[in-house]
Amino acid sequence: MNTRILRPALAVYTAAFLLFLYGPLIVLAILSFQSQTGGPQFPIQEWSTYWYRHLFGLTETSRISQLPVGDSLVRSLVLAFMTTVVSTVLGTMSAEAFRTRFKGSGPVFYLIILGMMVPGVLVGLGMALLSNFAGIDRAWWGTAFVLHVVYTYPFAFLVMLAIFNRFDRSVEEASMSLGVSPAQTFRRVTFPIIFPGVLSAMLFSFTLSYDEFSRTLFTVGRELTLPLSIYGTFSVEIYPNIFAFGVLTTLFSFTLLVIYGVLMKRFTASRAGRFSGQEEAA
Amino acid sequence: MLKLSGVTRRYGDAVALDGLDFIVPDDTYVSLLGASGSGKTTLLRLIAGFEEPDAGELMLGGERLDGKPPHRRDIGFVFQNFALFPHLSVEENVAFGLRHRESKAVPAGSDLNDRVNAALDLVGLTGFGHRGVGEISGGQKQRVALARTLVTEPRIVLLDEPLGALDANLRARMCDELRAIRERLKVSFLHVTGSETEALTMGDTVAVLANGRIAQAQDSTSLFTQPANTAAARHLNAWNLIGGRVKGRTLDTAVGALPISQSLPDGSEAQLAVRFDQIGVCEPDQVPAGQDHFTARYLAGEFNGPTELSFFRADNGDLIQVVNHLSNPRLPDLTEGRTYALHFSPDAALLFEGAA
Amino acid sequence: MSTMTTDMPAEKGQSPAIKREARDRRRALMLLSPGVLWMVLFMILPMIMVVYVSFWTQTTFAVEPTLTTASWERFLSSSTYLSAIGTTLRVWAIVLVATLVVGYPVALFIGLFVKNRTIQTALLVACVIPFWTSFLIRVIAWRPMLGTEGAINVILQKLGIINEPLTFLLFSEFSVLVGMTQIYCVFMVGPITFMIARIDESMIEAARDLGASFGTIFRRIILPLSMPGVIVGAIFVSVMVLGEFATAASLSGRKTNMLGNIIVSQVGSLKWAFAAVAGVVLTLIIAAVITLALRIVDLRKEM
């Protein structure tokens, strides 16, 4: 086939693919502005923000109950925060360990990576059985939390591994030759330089944990996280308030992404001149 | 005094250092000359403690070094790539060691600032303290790296090809400054380089590292005029080596029999060494009386400014080099492809026992 | 320089090199142990527990640690459970092929035909952005799309292509397959694009100069070199699809029951032992798929 035909053909195909990716979300966003009387489908009876107000309990009580997102949102945020801290620390420690060659690094690598591979429903089931067996109560801050870390720690580990691969070891040696202990060297030299990577690892961990659902299902106990509250409403009839919620939660994610971008940019901008030195030397 | 005895370092089957003995006296500029891959960086890393030897002993001022972690050795290290802290300003880089070192740390304050400024003055970077390290030139980075090391007053300073990343102009200037700075501080510098001119210029003592050992360590002049062995002679890049077998008072070489001054056992292998600048060139039938000589074919000349290097091919394929100083020319006009007699005074030739 | 052998002869006790090496190894071990311990306690141990409980005795409302193969026998003799295995494998195979077929041309376009780095990155980012929406929202978004009064039916009717709304679109295996393909496609596009973009341009140009057609270049150069990307993508998609239950539960109207759905419903009715059996079966399937894929490509090298 001639590339002169293939190129535009593939361009059109890619555009169609993007439409396939975004189509449902666009439809969902449109339908979130359905009026009170309209259902979760076309046509739009009348454009309104009714379902957004419904979400925040700002409408008069209707027969459709408010989405139970209040407490679960707080729980999910706290859980995501805990997960982020622990998995970033673990990921950084492990990646640091992988800078030394040691026997058995292969199996350990796969053991860690397995955490992101193994289906959530499986470890979730296992954890539920284990806690039953050991007589431990299931809770979002306990049994669910440890599974979230199992899931996000491999991602943090891979991000940090990539960062350390590009890291110039001689700055650490320089620090030690100045009489600075390894611990202080890590704190004053290594950490500041790898910080952008740590930020990425944190972003990864946070979003994965915040949206985690299959691992949480069996291990959360009585107090639900946000995705589980949402999932609970699927079994009954859905209303456009879910769509409104979807739009808001997407906006929230983007805010997070923008904050990350701004942090990264500020960090690299203020250090831009200084960092070019590291790249030049490397 | 830094004293290394029997130091060995292996990487798998490859031997980088093989029972090396070496002394760096106090208050001396020592340059260490070695080809790339000769283990010279390994030697520095062993002294600094970034790596440990497989065998041997390292002593500094009567105290055992090996086995100590690098941050407790009190040895300065200047890296080829400078290894400045990219996230810190120039003065923060220089202050880093004093502020954060394990023992005798200096808290932030006027004392610290004074010492940092003094170090910056020393390397000629007065007023550059607030710059980021990405905002300064290569030569200035080198100075920051030096100031950062010197301000902590190490017992000895190791410099790993410190001029390698600088351009030629800057390199010459830094050479002078490095020597001047060292003389003011009275601390020993051990400067590793692959360039024989740099080694000879810089070192009070020049050591040649070859085959995992120190082939020779002596002052520049003695080393240059009287290399002790073929390894040293070869590294100076100024000596032609002609190998052969001893037969009475002559050396039977591929370019013919050449007289030797020492008596060596018949049949033993030996190398005759003649410096590039001590060979004269003439027509084969016009060799001056009292000169030893052999013939070789002229290949090409290389013009280097004040000197000109001429390349000859001996009958056995050996490359022979002859230097001509343009201010004092000794050579006739040469025609490429023609055969000439290369002659030298018997006193100028050195004889080394053993094979090449 | 970093390859150090451990079998050096120890001269006069231990040389400093060996001591240093041992210390570095101890340090690495200490740094690793919390993570490894975490994974063993909270991933390996639970998995072992699943296997263990699959041999427990199931009573009406509880399980007892008396070992029996009763749950296994019941599972393997029940057509419901066995058909769940079939459904799981069918859905997995179709989605795997669908993500590859849908995704490969996109990867080819982004990786090979888009020369501008900025546009390349922008297109990749565009593929990833939907991931910033919650997974469940992405699943549920297909309902107003595929329903009888959904966007597709409305558009098709407006265009006069159909008179009656198509009913097979939603609450069927079709909707599950479409939803999964959309959700997991990016995991295929990403790795393949990465591998294709790494292909040396001059190699393709040389082939073209030698008169090779695009078809030949694709078959001989691009396809083989993009294979590791396909495998990595296939591993990602496989483990995610095989462990799925939410998409099937939300979009099939309970008509499509994968092993994941069996586990969820069994846990819901406190049939822990049956859930465990389904879990073990699922683990075996996934292990087989990953082992097969890892035979073909070394994951650690590709990352």
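All values reported here derive from a predicted model rather than from experimental measurement. (Residues numbered from 1 in each chain as written. Chains lettered and ligands numbered in written order. Predicted model: local features only at pLDDT ≥ 70, side-chain atom pairs only at ≥ 80, totals over all residues. Heavy atoms only, no water.)

**Some points on the UniProt feature "transmembrane region" (unreviewed entry) in chain A**
Residues and elements named next belong to chain A. We apply this condition: UniProt positions are given in the numbering used here, feature names are shortened, and annotations may be inferred rather than shown by experiment. Labels follow the DSSP assignment, with helices taken as runs of H or I lasting at least four residues and strands as runs of E lasting at least two, numbered in each case from the N terminus.
The positions UniProt marks with the feature "transmembrane region" (unreviewed entry) are residues 12-33, 73-95, 107-133, 139-164, 185-208 and 242-263. Within the segment residues 107-133, helix and strand shares are 93% and 0% respectively, and the terminal C-alpha atoms sit 29 Å apart. Here residues 242-263 is 100% helix and 0% strand, with 31 Å between the C-alpha atoms at its ends.

**Let's talk about the packing of aromatic side chains**
Residue and element names in this part refer to chain A. Applied cut-off: Within 6.5 Å between ring centres, the rings of Phe, Tyr and Trp (the latter by its six-membered ring) count as paired, and their orientation is classed by plane angle as stacked under 30 degrees, edge-to-face over 60, tilted in between. Relative accessible area decides the class of each residue, using a 1.4 Å probe on protein chains only: under 20% of the type maximum gives buried, over 50% gives exposed, and in between gives partly exposed. In our convention, an over-ring charge means Lys NZ or Arg CZ found within 6 Å of a ring centre and within 35 degrees of that ring's normal.
Using the criterion set out here, one finds 41 aromatic pairs over all chains in the structure. Consider the rings of phenylalanine 98 and phenylalanine 157, whose centres lie 5.2 Å apart with planes at 65°: the pair is edge-to-face. One end of the pair, phenylalanine 98, is in the loop between α3 (70-97) and α4 (105-117); the other, phenylalanine 157, is in helix α6 (residues 143-165), with 59 residues separating them in the sequence. Among the residues examined, phenylalanine 98 registers a relative accessible area of 12% and is labelled buried. On the basis of relative accessibility, which here comes to 0%, the residue phenylalanine 157 falls in the buried class. Grouped by ring-pair contacts, the aromatic residues Phe98, Phe102, Phe109, Tyr110 and Phe157 constitute a single cluster. Across from the ring centre of tyrosine 151, 3.8 Å away, lies the NZ or CZ of arginine 215, which sits over that ring.

**Notes on a nonpolar patch on the surface**
Filter applied, for reference: Only residues whose relative accessible area exceeds 30% and that take part in no salt bridge are eligible for patches, with like-charged residues grouped when within 9 Å of each other and nonpolar side chains (Val, Leu, Ile, Met, Phe, Trp, Tyr) grouped when within 5 Å. Note on areas: Shrake-Rupley with a 1.4 Å probe; residue coverage comes only from the protein chains shown. A side-chain nitrogen of Lys or Arg and a carboxyl oxygen of Asp or Glu constitute a salt bridge if their distance falls within 4 Å.
Nonpolar side chains collect at one region of the surface, where A:Phe133, C:Val51, C:Tyr52, C:Phe55 and C:Leu67 lie side by side and expose about 470 Å² of accessible area between them. Within the element layout of this structure, C:Tyr52 appears in helix α1 (residues 16-53). Using a relative accessible area of 35% as the deciding quantity, one classes C:Tyr52 as partly exposed.

**Observations concerning the pairing of strand β11 (residues 239-247) of chain B**
Residue and element names in this part refer to chain B. Counted only if it meets this: Any two strands between which DSSP finds at least two bridges are classified as paired.
Looking at chain direction, β11 and strand β14 (residues 269-275) are connected through seven bridges and run antiparallel. Within the sheet, the bridge partner assigned to arginine 245 lies in β14 and is glutamate 269. In this sheet, strand β12 (residues 250-253) lies alongside β11 in antiparallel orientation, the contact comprising four bridges. Considered in β12, the bridge of valine 246 is made with leucine 251. Once β11 ends, the chain turns through two residues before running back antiparallel as β12, passing glycine 248 with a positive phi of about 65°.

**Some thoughts on the interface of chain C and chain A**
Just so we agree on the cut-off: Working rule for contacts: check all heavy atoms of both residues, and any pair within 4.5 Å makes them a contact. The term buried area means the drop in 1.4 Å probe accessible area that two parts suffer when joined, counted for both and summed.
Taken residue by residue, the interface counts 89 residues in chain C and 88 residues in chain A. Summed over both sides, the interface of chain C with chain A buries roughly 7800 Å², with 81% coming from carbon and sulfur. For the pair chain C and chain A, the number of links is one salt bridge. Across the salt bridge formed by C:Arg27 and A:Glu96, the nearest N and O atoms sit 2.7 Å from each other. In terms of residue count, α1(C) provides more of the side of chain C that touches chain A than any other element does, 24 residues in total.

**Points about the nonpolar core**
Put simply, the rule is: Among the buried residues, those of types Ala, Val, Leu, Ile, Met, Phe, Trp, Tyr and Cys that are joined through side-chain atoms within 4.5 Å form a nonpolar core.
By size, the foremost hydrophobic cluster in this structure holds 217 residues, and its most contacted members are A:Phe157, B:Phe22, B:Ile47 and C:Ile222. A per-element tally of this core places α6(A) first, with 16 residues. One finds B:Val123, B:Ile136, B:Leu146 and B:Ala147 within the second-largest nonpolar core, a separate group that totals 37 residues.

**Regarding the sheet that holds β14(B)**
Residue and element names in this part refer to chain B. Threshold: Geometry is summarised by axes, namely lines fitted to C-alpha atoms with helices restricted to the contacting stretch, and by angles between N-to-C directions that run from 0 to 180 degrees.
One open sheet holds the five strands; their spatial order is β13-β12-β11-β14-β20, and the pairing between them is antiparallel. In the strand order of this sheet, the two ends are held by β13 (256-259) and β20 (350-353), each with one partner. On average, each strand axis in the sheet is tilted by 40° relative to the strand beside it, whichever way the strands run. Pairing of β12 with β13 involves four bridges; the strand directions are antiparallel. Bridge assignment links threonine 253 to a residue of β13, and that residue is glycine 256.

**Observations regarding the sheet that holds strand β9 (residues 205-210) of chain B**
Residues and elements named next belong to chain B. Sheet architecture is open: six strands sit in the order β6-β7-β8-β3-β9-β10, paired in mixed fashion. Taken across any chain shown, the strands that pair with only one partner, and hence form the sheet edges, are β6 (75-78) and β10 (213-218). Averaged over all pairs of adjacent strands, the angle between strand axes in this sheet comes to 20°, irrespective of strand direction. In this sheet, strand β8 (residues 188-193) lies alongside strand β7 (residues 156-160) in parallel orientation, the contact comprising five bridges. Of the residues in β8, the one forming a bridge with isoleucine 156 is serine 188. Contacts between helix α1 (residues 40-48) and the sheet are confined to β3 (29-34), β6, β7, β8 and β9, with β7 contributing the most and set at about 150° to the helix.

**Side note on unusual backbone geometry**
Only a minority of non-glycine residues have a phi that is not negative, and only a minority of peptide bonds are not trans. Residue and element names in this part refer to chain B. Residues other than glycine seldom take positive phi values, yet aspartate 27 does so here, at roughly 50°. With respect to the element layout, aspartate 27 can be found in the loop between β2 (14-24) and β3. On the accessibility criterion, aspartate 27 (37% relative accessible area) is partly exposed. Not every positive phi belongs to a glycine, and asparagine 211 is a case in point at roughly 55°.

**Notes on the environment of B:Arg9**
All names here are of chain B. Our working rule: Polar contact is defined as a pair of N or O atoms within 3.5 Å, subject to the rule that within protein one atom must be able to donate a hydrogen and the other to accept it, and that residues adjacent in sequence are counted only when both atoms are side-chain atoms.
Inspection of the secondary structure puts arginine 9 in strand β1 (residues 2-11). The spatial distance from the C-alpha of arginine 9 to the C-alpha of leucine 43 is 8.6 Å, given a sequence separation of 34 residues. Within the structure, the side chain of arginine 9 is placed 3.4 Å from the backbone oxygen of glutamate 52, a separation counted as a polar contact. At 3.4 Å, the side chain of arginine 9 and the side chain of aspartate 54 are in polar contact.

**A word on the confidence of the model for chain A**
Low pLDDT marks stretches whose predicted atomic positions should not be read closely. Applicable threshold: Every residue gets a pLDDT, meaning the predictor's confidence in that residue, from 0 to 100.
Looking at chain A as a whole, its pLDDT mean stands at 86, while 93% of the residues score no less than 70. Note that residues 272-282 of chain A has pLDDT below 50 and, in this model, 22 contacts with residues that lie over four places away or in other chains.

**Brief notes about the state of the cysteines**
Residues and elements named next belong to chain C. To keep it simple, the criterion reads: Sulfur atoms of two cysteines make up a disulfide when they are within 2.5 Å.
Using the criterion set out here, one finds zero disulfides over all chains in the structure. Of the cysteine sulfurs around cysteine 185, a residue in no disulfide, the closest is that of cysteine 127, at 8.4 Å. By relative accessible area, cysteine 185 is classed as buried at 0%.

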